[in-house]
Amino acid sequence: MARTKPRRRDLWASLRPNGIGLTKPNHYLDMLRVAWENRRALPYASRILRKGVCDGCALGVAGLHDWTIDGVHLCTTRLSLLRVNTMGEMDHARLADVDALKRLSGAELRDLGRLAYPMVRRAGDPGFARVSWDDALDLVADRIRRAGGDRFGLYMTARGITNEVYYAAGKVTRFLGSNNVDNAARVCHAPSTAALTSMVGAGATTISYTDLMASDLIVLFGSDVANAQPVVMKYLYLARKEGTRVAVVNPFREPGLERYWVPSNAESAMFGTRMTDEFFPISTGGDIAFIAGVLKSLRAIGGVDEAFVAEHTTGWDALERALDSLGWDELERLSGASRADMERFAAMYAAAESAVLVWSMGLTQHAFGSENVRAVINLALARGNVGRPGAGLMPIRGHSGVQGGAEMGAYATAFPGGVPVTAESAATLSEQWGFPVPAEPGLDAERMVEAAGAGGLEVLYSSGGNFLDTLPDPGLVADRLAATPVRVHQDIVVTSQMLVDPGEVVVLLPAATRYEQRDGGTETTTERRVAFSPQIRGPRRGEARTEWEIFTDLAARVHPERAHLITWASGQEIRVEIADVVPMYQGIESLRDTGDQVQWGGERLCDGWRFPTPDGRAHFAVVEPPQRRIPEGHLLLSTRRGKQFNSMVFRDRDPLTGAHRDALFISAADAARIGVAEGDPLLVRSGCGEVRARAHVARIRPGNVQMFFPECNPLIRSGERDASGVPDYNAVVEVLPAS
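Here's a quick rundown of the structure.

Conventions we followed
Residues numbered from 1 in each chain as written. Predicted model: local features only at pLDDT ≥ 70, side-chain atom pairs only at ≥ 80, totals over all residues. Heavy atoms only, no water. Helix = DSSP H or I, 4+ residues; strand = E, 2+ residues; numbered from the N terminus. Rg over C-alpha atoms; globule rule 2.2 N^0.38 Å. Buried < 20%, exposed > 50% of the residue type's maximum accessible area, 1.4 Å probe, protein only. Areas by Shrake-Rupley, 256 points an atom, 1.4 Å probe, with all protein chains shown as cover. Lys, Arg positive; Asp, Glu negative; His and termini not counted. Charge placed at Lys NZ, Arg CZ, Asp CG, Glu CD. Expected span 1.5 Å × (residues − 1). Core = buried A, V, L, I, M, F, W, Y, C linked by side-chain atoms within 4.5 Å. Contact = heavy atoms within 4.5 Å. Pairing = 2+ DSSP bridges.

## Observations concerning the overall build of the chain
Piece 1. Summing up its helical and strand segments, the chain has 28 helices and 29 strands in all.
Piece 2. Taking 2.2 N^0.38 as the reference for a compact globule, 739 residues should give roughly 27 Å; the C-alpha atoms of the chain span a radius of gyration of 25 Å, in line with that estimate.
Piece 3. Along the three orthogonal principal directions, the C-alpha set of the chain runs to about 70 × 60 × 50 Å.
Piece 4. For the chain, with 739 residues in total, the buried portion stands at 62%.
Piece 5. Surface summary for the chain: the accessible area is close to 25,200 Å², and the carbon and sulfur share equals 51%.
Piece 6. On the chain, the mean spot of the 82 positive side-chain charges and the mean spot of the 89 negative ones are 5 Å from each other.

Here you go:
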């Protein structure tokens, strides 16, 4: 069914100008607030916005423009992060009293200002003392040398970190003798990379953003792009104007996906836009069963592309047999959806000549995250919705560094280019780099912290991030950090994990931001576009250094006799080496200025149904719906995001839902059963912890509840993870009224 342009008024969400009085973001007020917060550095802030590549989500805006649509492209996530890049240095004397700082929230710690000088705290000290760079790096280098590289672990967050820094970090870790290097991609889209690679031969988004606006149908699974990737809302708005239909499969009816006011478009800013045609409420973790029901329905109505399946895929017969073994009663119970909803989705999907399937952490952050993604890929392959215009697979990224982080080799299970760690690939890389590269996979992010706490690592080094906020069971994480002999925290601001008491010593190293990085740097966007962000003229804070320089300086101190193997004179030299070691990144060495870019893989992966798998075909996968039974009187909790960027919380109240940080999103039916109403105090208890909350009655499927991350992390059990290493951020909970 070809797209039909709707009447303009049919897309309007409200006749109230700019949604006055409704629960929604006030983008223009946010812009004024950002201008006020950056009032002392407005010229520098302006240069960052006009010349830098966005350090927020991975949609990838260069300056105020992108490569997809005309006009200005600017979102509130980027604006909220601006202050972190422009603020002055903190009063480092405050670090002398850690106990006083422990009483501050993450936002209050961040507002202290930039970390600008190396600091050291030893066991028994009340706080940190300033030291020189030489003293700090010599201390760390000595401990690494004595412990051995296999007792060293390095974690890289997605805090505006560039490809050059990721590449240097991965190479330095291997130079030291370990594959214990990992990054934030592990805890968000590791299942996507693994499933895509095995089934279609390409471990990344297969489309370009232009395909979104050319598609008949866009389906969002477990993804609230209005919150996490607000730039996408403009793409959806433009697609909607052309007749694209949008469907959402999710336990909660997200208000921002129902209607949204795009601030850069006059009509949408005035009247808002109805963004979604169809909502399909399912239970948390019910996606596999829901998709199985859809596939059964597709077969029944002749909606499977039999020619594509026969000519370009394998494994369909086995999947059909698995589908035949599943009854409708079982699928309804496991999915939380009705048979009628699954059949309605199938009819809509079959009528669309093209479709883009989008997913995020609502699918990946489960113990069966990889199976969730495989189910989505099965759905795409059933109708040939990959490798052609307006059709494809999009694991949407929420952080600007994670796509490139794994592709640069800052990954425990993969070398640069996403090459799996094997004896053969290690030998090849050893020849290229000129030193022995370990052949066994290293420890992933959560396992690093586990090993450090159990005595398996001597030195745990983190660039950015905050394990206390991002990993399950923060109390257990704190105990493990406190048991680690040597911790190194390299960052631009102070975070709570830095304040955990030392096992022996904690070292703080001040990092330069993306926009301060010497010779500039690149990021890789969700659509695989490698974009250059130049070094931007402006104030420099204390002794903060470019991160790839810190890593190479440290490595040279550990092994000075072969330091020449790990030294670059400039960022440009790193880009030249990346182009040589990672062939798909060829062209990165020619990028020089804002807007310069190269898209690896071209406009579309698997284009023309040519799949880079060993047999040249796409592979269906048999995935069994997880058999999860919730005890009577209990509910299934999942995490969600509010006005925040990852674990960096910007506002107590979420403008999209009106909920505060202590909210428990609960259905009216469950609230009535428990005997609570809106705003009532609650005790939420799981098998590993409990938190206080307040009831927020919402349009969520009964039996399911949600809370904001990281506040609910004490409810999440450590050690439960997907085969790819991503933790399971869900819990069975008991919700009780509290006085």
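Once you've had a look at it, read on.
## Quick look at helix H14 (residues 287-300)
Piece 1. Taking 1.5 Å per residue, 14 residues should reach 20 Å; H14 reaches 20 Å between its end C-alpha atoms and fits that length.
Piece 2. Listed in full, the buried residues belonging to H14 are Asp287, Ile288, Ala289, Phe290, Ile291, Ala292, Gly293, Val294, Leu295, Lys296, Ser297 and Leu298.
Piece 3. Within two residues after H14, Gly302 carries a phi angle of roughly 75°, on the positive side.

## Things to note about the nonpolar core
Piece 1. The biggest cluster of nonpolar side chains holds 142 residues, and the ones touching the most others in it are Phe221, Phe290, Phe345 and Leu379.
Piece 2. Excluding anything up to four places from it in sequence, Phe345 contacts Val219, Phe221, Val249, Phe280, Phe290, Val294 and Leu379.
Piece 3. If you look at the next biggest cluster of nonpolar residues, it comprises 33 residues, including Leu212, Met213, Leu220 and Val246.

## Topic: the environment of Thr157
Piece 1. For Thr157, the location among the structural elements is in the loop between strand E3 (152-156) and helix H7 (163-175).
Piece 2. Since its relative accessible area comes to 5%, Thr157 is described here as buried.
Piece 3. Separated by 27 residues in the primary sequence, Thr157 and Ala184 have C-alpha atoms spaced 5.0 Å apart.
Piece 4. Filtering out sequence-adjacent residues up to four positions away, Thr157 remains in contact with Tyr166, Ala184, Ser463, Gly464 and Gly465.

## Considerations on the pairing of strand E1 (residues 119-122)
Piece 1. Relative to strand E2 (residues 129-130), E1 runs antiparallel, the two sharing two bridges. Across the sheet, the residue bridging to Val120 is Ala129, located in E2.
Piece 2. Between E1 and E2, which pair antiparallel and follow one another directly, the connecting turn spans six residues, one of which, Gly124, has a positive phi of 95°.
Piece 3. Note that E1 and strand E17 (residues 505-510) share four bridges and pair antiparallel. Along E17, the bridge assignment pairs Val120 with Val507.

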